[in-house]
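Structural overview
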Amino acid sequence: MRGLTSSEAARRLSQDGPNELPGDGPTGWFSRVIDVLSEPMLLLLVAAGAISIAVAETLDGVLLLSTTVVVVATSVIQGQRTENAVRSLREMTSPPVAVERDGVRLALPARELVRGDLVFLAEGNRIPADSVLAADSVLTVDESVLSGESVPVAKEAGGDRGLWSGSLVTSGQSAALVTATGHRSRLGSIGASLASITVAGSSLQREIRLVVRVLGAVGVAAALTVTVAYALTRGGWADGAIMGIATAMSLLPEEFPVVLTIFLALGALGMSRERMLARRLAAVEALGAVTVVCTDKTGTLTTNSMTVSEVLAEPGFSTAEVAAAAVLAVPDDPFDPMDRAFLVRAPQSGAPRRPVRTYPLAPGVLAHAQVVDTGGEDLFVVAMKGAPESVSALCRLDPDERRRYLHTVETAAARGLRMIAVALASHPRDVPLPTAHHGFAFRLVGTAGLKDPLRPGARDAVDACARAGVRTVMVTGDHPATALAIAAEAGIETEGGCITGEEVSAMDDRTLADRLRVSSVCARITPEQKLRMVRALQANGEVVAMTGDGVNDAPALRAADVGIALGRRATDVAREAASVVVTDDDLSSVARGIARGRGIYDNLAKTTSYLIAVHVLVFGMSLVPLAAPGLPVVLLPLQIAMLELVIDPACSILFQMEPHDPELMTRPPRGRESRMFGVRRAAVSVAQGAVSLVAVCAVWVWGSSRGDGDDSVRALAFVALSASNLMLILVNRSWRLTALGTVLTRRNPAVAWTVVANLFVVGALLSVGSLRSAFHLGSVSPLEVSVAGAAAAAGVAWFEVAKVVGRRRGRPGPLTRP
């Protein structure tokens, strides 16, 4: 191998471009804001805010416009994440590298490397570009950042000599010839894949956007209809316009996008207290729908650090002697994780050792030997550790003994252990040292089994997900035997066998999707295949959460419904690609996140049910007077504004603070096809509002039949309407427990504040003369107030009965399936 000339390197740099990942360049914030504001949902928020301010609801208008600012800022930040991910990938190739140019060794920025450059690598170096190893060298390389393989792999002549950009040299030194740079490298292909993946909004976002559009259109049409009908039946276009505005206010669905934003933002804040950072608000809700958790092994289920878990001593030696002999073969201040594992198992003690000479890995000899001066008068100690095949051959075992030994090693390796053989020899001080390993008379001492141990809490997390009906699937680049062993230890289902990367390559997407229905362990999987597997699971109707921490996980993290980066060990690329970052590296946080996501969705569903019901009630009371010209109008814009002072805090604060149902994590996940505004829930919600409307109308008619004045009838109906609003709040706190049962078992301070505030406002409107006159309300007697309250309670009584009946039938709520 020879280096390039400067002129040839310049020509290739001009032809191929710099050794960095491609990017479209940063997008200006102004362009991002314009893109976000073009969304119909955002335009509706702005319009709703403007209308609210126009009809003197300044507080609501300011709140809506402030929410728009929050949504825009969140979306702009989200749009920046892909650029950050690609930038993080690019920075992995930025350190200077030793390269030969014009026959001279130089230190150049990695971005200036080109195809054909001769680079020099040593222990601890990050490989700057895809390369091929020099023919007479051996390196061990940690490729976990790309492959997920937790154990460093050997690169040598006659075997795998390919070095991948982004990998880490753990031992050895060598020259290498650059074969691919920039986007043509294996790391670059991941960056291109990551940049090409788009993240769609959640199904809930799309669903609420559709509902908002439909209700907005209906509200506008109803407002125009009411304006014309009122003007024709009661006279006066000005009064008709006022009633039309009241009708629009009663149905305008401005709360829906506000509630969604507030719930997700406060949910994300709550998750952060549990060491989970939501980088995308939609992920907070999507966590509750997860049906499959795809987890990487290295650094996710395991600690990504090697430990000596088993020692097999040969006859005449103890396990402690095997560990001590392995330590003698460890260089000072080792970089290799397996060397550090031996030091943890048997720390150096007693007389100081002094390394005399080292025999590194060599072509055909995957073993490291070290001559050590331990203070003996006549002899040096020679310690060796390495692959059992190489060490047993250097120990000159007879054929039968060697077959027995290697069979024992293979049996242990099937349990997911990385087996390292250890041998000892001695050499006289006054005799020259041999030039290679073969010059020593080694004796086999024993074998150590190393493993990347299971992370504490991983088994509990898998079990918690299983109880919630969420399947855990391991997707790793590690060896199948290791993957199956760790899966069994973690409690992941292994009866379906293991799918290998080779098998995935031979499958079409449909076959892969079918296989993933029964298999929960996947090994030797490449980054491209991880992405295919996420897509295949989604094609099966699964809502996929993907956990990981390496560069190899980034495309799958980005494509999954919920990408979860396990934080402290996660690369910047993984963090930027993920929608959630777990800052404590604890897989059990995923189970907690699923529980919180389910709770947020459940409370959001209660809120939407309440909003539908109360809008049906208020909208109905805006329309009913048109059919009865002889009776007084109940709701004017000012009265509706007062009701909104109760409705808005109830849906945005009270329901958000509602404690999560403890039974949520014992139910199956709702899945991808579930709809919050499904036929059953919508029907029950509309029925709530319709029955309450009947109750309020009954009070309205009853008051009119008593001969009271219009203002007194309006006041009586307003009391009934306010009481019905409170009743709808109380009964929707739980669709499983009755309102009384919920009050007794679930503490929510916002409930008391809402009830007290409502009673205070209504009492003030009825008792303060100036307020009563301003709101066109008359006086009502205690008897009439009692009748209005009883009617409101009667309007929701059927729903309470449905809860009791549904619970006795084993259903979680009225007219809903488990």
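Scroll up for the structure.
Residues numbered from 1 in each chain as written. Predicted model: local features only at pLDDT ≥ 70, side-chain atom pairs only at ≥ 80, totals over all residues. Heavy atoms only, no water.

1. Regarding the nonpolar core
Among the nonpolar cores identified, the biggest contains 96 residues, and L301, V562, I564 and I594 are the most heavily contacted of them. Broken down by element, this core gets its largest block of residues, 15 residues, from helix α23 (residues 588–623). In terms of nonpolar packing, the next biggest core, distinct from the first, is built from 29 residues, V292, M533, A536 and A578 among them. (Core = buried A, V, L, I, M, F, W, Y, C linked by side-chain atoms within 4.5 Å. Buried < 20%, exposed > 50% of the residue type's maximum accessible area, 1.4 Å probe, protein only. Helix = DSSP H or I, 4+ residues; strand = E, 2+ residues; numbered from the N terminus.)

2. Re the pairing of strand β3 (residues 118–122)
The element β3 is extensively covered by neighbouring structure, given that 4 of its 5 residues are classed as buried. Direction of pairing for strand β1 (residues 96–101) relative to β3: antiparallel, over a ladder of 3 bridges. Among the inter-strand pairings, V99 is bridged to a residue of β3, identified as V119. (Pairing = 2+ DSSP bridges.)

3. Re the side chain of E784
Within the secondary structure, E784 is located in helix α30 (residues 782–808). When neighbours within four sequence positions are excluded, E784 is seen to be in contact with W702, R706, D708, L716 and S779. (Contact = heavy atoms within 4.5 Å.)

4. Examining the packing of aromatic side chains
Scanning the entire structure with this criterion turns up 5 aromatic pairs. Aromatic side chains W798 and F799 sit 5.6 Å apart centroid to centroid with 65 degrees between the ring planes, which places their arrangement in the edge-to-face category. The ring of F120 is capped by R105, whose NZ or CZ atom sits 3.6 Å from the centre of that ring. (Phe/Tyr/Trp six-rings, centres within 6.5 Å; stacked < 30°, edge-to-face > 60°. Lys NZ or Arg CZ within 6 Å of the ring centre and 35° of its normal.)

5. Quick look at the pattern of salt bridges
Opposite charge on two side chains allows them to pair when their charged atoms are near. Enumeration according to the criterion identifies 24 salt bridges in this entry. Residue E8 pairs with R12 through a salt bridge whose shortest N-O separation is 2.7 Å. Of this pair, E8 and R12 both sit in helix α1 (residues 6–16), 4 residues apart, which is roughly one turn of that helix. On the accessibility criterion, R12 (17% relative accessible area) is buried. Between D514 and R510 there is a salt bridge, with its nearest N and O atoms 3.2 Å apart. Of this pair, D514 and R510 both sit in helix α19 (residues 509–515), 4 residues apart, which is roughly one turn of the helix. Among the residues examined, D514 registers a relative accessible area of 38% and is labelled partly exposed. Looking at R510, the relative accessible area reads 43%, which means it is partly exposed. Among the charged side chains, a salt-bridge network with shared partners connects D661, E663, R667, R736 and R746. (Salt bridge = Lys/Arg side-chain N within 4 Å of Asp/Glu carboxyl O.)

6. A few points about the packing of helix α26 (residues 710–731) against helix α28 (residues 749–767)
α28 packs onto α26 with a crossing angle of 180 degrees between their chain directions and a minimal axis gap of 11 Å. By the angle between their directions, the pair α26 and α28 is classed as roughly antiparallel. Each of A715, F718, V719, S722, L726, I729 and L730 in α26 lies in contact with α28, whose residues at this interface are V751, T754, V755, N758, V762, L765 and L766. Classifying every residue of the contact of α26 with α28 gives 11 nonpolar, 3 polar and no charged. (Axes fitted to C-alpha atoms, helices over the stretch in contact; angles between N-to-C directions. Parallel < 35°, antiparallel > 145°, perpendicular 65-115°, else oblique. Nonpolar A, V, L, I, M, F, W, Y, C, P; charged D, E, K, R; others polar.)

7. Looking at the sheet that holds strand β12 (residues 307–313)
Pairing within the open sheet is antiparallel, and its 6 strands lie in the order β12-β17-β16-β15-β14-β13. On the outer flanks of this sheet lie β12 and β13 (354–359), each paired with one strand and no other. Averaged over all pairs of adjacent strands, the angle between their axes in this sheet comes to 25 degrees, without regard to strand direction. The pairing of strand β15 (residues 379–386) with strand β16 (residues 418–428) spans 8 bridges and is classified as antiparallel. Residue pairing across strands places G386 opposite A421, the latter belonging to β16.

8. Quick notes on helix α16 (residues 458–467)
Restricting attention to buried positions, one finds in α16 the residues A458, A461, V462, A464 and C465. What you see down the axis of α16 is that its buried residues fit within an arc of 160 degrees, all on one side. Relative to its buried face, α16 has exposed residues pointing more than 90 degrees away, namely D460, A466 and R467. For α16, the elements touching its buried residues are β11 (292–295), α11 (297–301), β18 (471–475), α17 (480–490) and α23. (Arc of directions from axis to C-beta.)

9. Concerning the sheet that holds strand β19 (residues 498–500)
What the 8 strands build is an open sheet, ordered β10-β23-β22-β21-β11-β18-β20-β19; its pairing is mixed. Of all strands in the sheet, those with a lone pairing partner are β10 (276–278) and β19, marking the two edges. Averaged over all neighbouring strand pairs, the angle between strand axes comes to 20 degrees, with direction disregarded. Of the strand pairs in this sheet, β11 and strand β21 (residues 544–548) are connected by 4 bridges, and their pairing is parallel. Residue pairing in the sheet places V292 in a bridge with V544 of β21. Lying on the sheet, α17 is in contact with β18, β19 and β20 (521–523); it crosses β20 at an angle near 150 degrees.

10. Quick look at a nonpolar patch on the surface
Together, L210, V214 and V218 give the surface a local cluster of nonpolar side chains, amounting to about 250 Å² of exposed area. As for its placement among the helices and strands, V214 is situated in helix α7 (residues 203–234). Owing to a relative accessible area of 43%, V214 belongs among the partly exposed residues under this scheme. (Patch = residues over 30% accessible without salt bridge, like charges linked within 9 Å, V, L, I, M, F, W, Y side chains within 5 Å. Areas by Shrake-Rupley, 256 points an atom, 1.4 Å probe, with all protein chains shown as cover.)

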